[in-house]
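# Summary of the model geometry
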Amino acid sequence: MSDKDVAEDRAANADMRSAFDTSAAGPRPPSEITGHYSSDNPDMVQFVDADGNRLETTEANAPYAQIVEDMTSQDAREIYRDLVLVRRIDAEGHALQRQGELGLWPSLLGQEAAQVGAGRALKPQDYAFPGYREHGVAWCKGVPPENLLGMYRGVNHGGWNSNENNFHLYTIVIGNQMLHATGYAMGVQTDGDVATGDPERDTAVMAFTGDGGTAQGDYNEALVFASVAAAPVVFFVQNNQWAISEPNEKQFTIPPYQRSRGFGIPGVLVDGNDPLATYAVSVAALDRARSGQGPTLIEAYTYRMGAHTTSDDPTKYRSDAEVEIWREKDPIKRMRGFMEERGHAEPDFFDEIDAEADEIAARIRHACQTMPDPPQEAMFDHIYAEPHPVTERERAEFVEYQESFVQEGAH
Ligand SMILES: Cc1ncc(C[n+]2csc(CCOP(=O)(O)OP(=O)(O)O)c2C)c(N)n1
Ligand SMILES: [Mg+2]
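Residues numbered from 1 in each chain as written. Chains lettered and ligands numbered in written order. Predicted model: local features only at pLDDT ≥ 70, side-chain atom pairs only at ≥ 80, totals over all residues.

As a reminder of what qualifies: UniProt positions are given in the numbering used here, feature names are shortened, and annotations may be inferred rather than shown by experiment.
Under an unreviewed UniProt entry, the protein has the name Pyruvate dehydrogenase E1 component alpha subunit and belongs to Marihabitans asiaticum. In its Cofactor (unreviewed entry) section, the UniProt record describing the protein reads: "thiamine diphosphate".

Here is the structure:
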């Protein structure tokens, strides 16, 4: 290669790098104005505005309006309580990581309505398959928050028995759980637990992933299987607009809720910061699955207010102005506004929930700080359901290796 060829090659490589470097393009425009998701998109299911005022009936929200009308004051109070407690648990997880008590924490800040709406719609027999940020769904399914902290503290490999609350272990491999969920849903079908008409028996599965997850092979394969099998699964995509530092514009040109139709699966776009809307579309999609009408894809359009995880610094790739736009759409503010307008709670109620949040925060902090470290060889437990000669040999070697240090010190 001549010097000129090398120089040209380098220039071409630099061009290519800058094409993929989101920071080189400067701050992206506010997400509100990027095409499919502008606030006047008629496809978006919404029930309350940013202050909690009930919105008019539209073609998009009409199919779900009855579900919202049927909600009682008690339902509204329970959703509000979940939103506040989940936010508080999340804040505590973040603080504990910063104080060196956890290895990592992925915050759900901003996504409470998406997760609580979906989580509240699940029945006990329904099975949820989360990613790693679904602390709000875990809460709704009854998984103790201490168990989430244990996993991120590294004192165990999972943190809970998935079959106790029908909440699968967190899955870090992006999109993987979509296949697990679809396979489980096909199993539910084989067991005959769909369309029996028995509300305690008919079962649905809900699979959670993010906007980034929709680009994974596993996600797309899962949609094909679910569609062909008419499996009782609801795909719940939390589009928080970022996959670490990659914005939506780098994930897709056709949004997930539209793309699902190409798989033969109806797609619903919902305002992911509107708790009434996320609840209503989830109830409808899960009913559809339980009654044998097949899968649905819900795209909850929301925003990740915090960093990707405690290892990330979002100021490197997104503007403060964008974050401020989304602060205005805060799900808790909206729910409270709605409840006050409708008289769903006495003023004391809101203070009581704040006090309960304080208590839970103190409880889980204490539990986290006093969690015993497991014996190191426990890392070989639960790899297989039954003893396996390879892991048994590895465990024995590891124990021998550990003991060699003790003996060295003793001499
Ligand atoms: C198969 C795989 N590839 C890459 C990663 C690294 N990774 C961790 S989180 C993440 C972004 C996921 O974004 P999204 O699906 O939008 O979920 P969010 O974190 O925004 O909730 C990536 C690429 C991974 N965990 N698994
Ligand atoms: Mg994302």
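## Topic: the domain arrangement of the protein
Applied cut-off: The domain limits used here are those given by an automatic or database domain assignment.
Assigned domains within the protein: domain 1 (26-369) and domain 2 (376-410). Here domain 1 and domain 2 have C-alpha centroids that lie 39 Å from each other.

## Remarks on the packing of helix H3 (residues 73-98) against helix H14 (residues 347-369)
Defined as follows: Interaxial angle, 0 to 180 degrees, is taken between N-to-C directions of lines fitted to C-alpha atoms, where a helix line uses only the stretch in contact. Numbering of helices and strands starts at the N terminus; helices are DSSP runs of H or I of at least 4 residues and strands are runs of E of at least 2. Here a crossing is called left-handed whenever its near helix is offset anticlockwise from the far helix by less than a right angle, and right-handed whenever the offset is clockwise. Two residues form a contact once the distance between their C-beta atoms, set from the backbone, is within 7 Å. Gly is put with the polar residues, along with every residue not named as nonpolar or charged; the nonpolar set is Ala, Val, Leu, Ile, Met, Phe, Trp, Tyr, Cys and Pro, and the charged set is Asp, Glu, Lys and Arg.
Relative to each other, H3 and H14 sit at 35°, their axes nearing to 9 Å. By crossing handedness, the relation of H3 to H14 is classed as right-handed. When H3 is examined against H14, the residues Arg 77, Tyr 80, Arg 81, Val 84, Leu 85, Arg 88, Ile 89, Glu 92 and Leu 96 are found in contact with a partner set consisting of Phe 349, Ile 353, Asp 354, Glu 356, Ala 357, Ile 360, Ala 361, Ile 364, Arg 365 and Cys 368. Looking at side-chain class alone, the contact of H3 with H14 contains 12 nonpolar, no polar and 7 charged residues.

## Here we look at the site of ligand 1
Put simply, the rule is: To decide whether a residue is near a molecule or strand, its C-beta atom is placed from the backbone and checked for lying within 6 Å of it.
The environment of ligand 1 is made up of 15 residues, and the closest members are Ile 174, Gly 210, Gly 212, Gly 213 and Ala 243. Within the shell around ligand 1, the residues separate by chemical class into 6 nonpolar, 6 polar and 3 charged.

## Focus: the nonpolar core
The cut-off we apply is this: For our purposes the nonpolar core covers buried Ala, Val, Leu, Ile, Met, Phe, Trp, Tyr and Cys residues that link as a set through C-beta atoms within 7 Å. Counting other C-beta atoms within 10 Å of its own, a residue is labelled buried from 20 upward, exposed at 12 or fewer, and partly exposed in the gap between, with every C-beta atom placed from the backbone.
Ranked by internal contacts, the top residues of the largest apolar core, which has 80 residues, are Val 205 and Met 206. For this core, the element with the highest residue contribution is helix H11 (residues 275-290), accounting for 10 residues. With residues up to four places along the chain from it excluded, the contact list for Met 206 reads Ala 118, Leu 122, Asp 126, Ala 128, Val 234, Phe 236 and Leu 286.

## Side note on the UniProt feature "domain: Dehydrogenase E1 component" (unreviewed entry) in the protein
The UniProt entry lists residues 83-376 under the feature "domain: Dehydrogenase E1 component" (unreviewed entry), expressed in the numbering used here. Secondary structure across residues 83-376 divides into 48% helix and 11% strand, with the first and last C-alpha atoms of the span separated by 37 Å.

## What about helix H9 (residues 217-229)?
Note on helix geometry: an α-helix contains 3.6 residues per turn, so any two residues three or four positions apart are oriented the same way. Selection criterion: Working rule for helices: expected span equals 1.5 Å times residues minus one. Directions from the helix axis toward the C-beta atoms define the arc.
With 13 residues, H9 extends 18 Å between its outermost C-alpha atoms, agreeing within 8% with the 18 Å of an ideal straight helix rising 1.5 Å per residue. By the burial criterion, the buried members of H9 are Tyr 219, Ala 222, Leu 223 and Ala 226. Down the axis of H9, the buried side of the element spans an arc of 100°, and every buried residue falls inside it. Projecting away from the buried face of H9 at angles above 90 degrees are the exposed residues Gly 217 and Val 228. Each element contacted by the buried residues of H9 is listed here: helix H8 (176-190), strand E2 (205-210), strand E3 (233-239) and helix H10 (256-262). Immediately beyond the C-terminal end of H9, within one or two residues, lies Ala 230, with a positive phi of roughly 50°.

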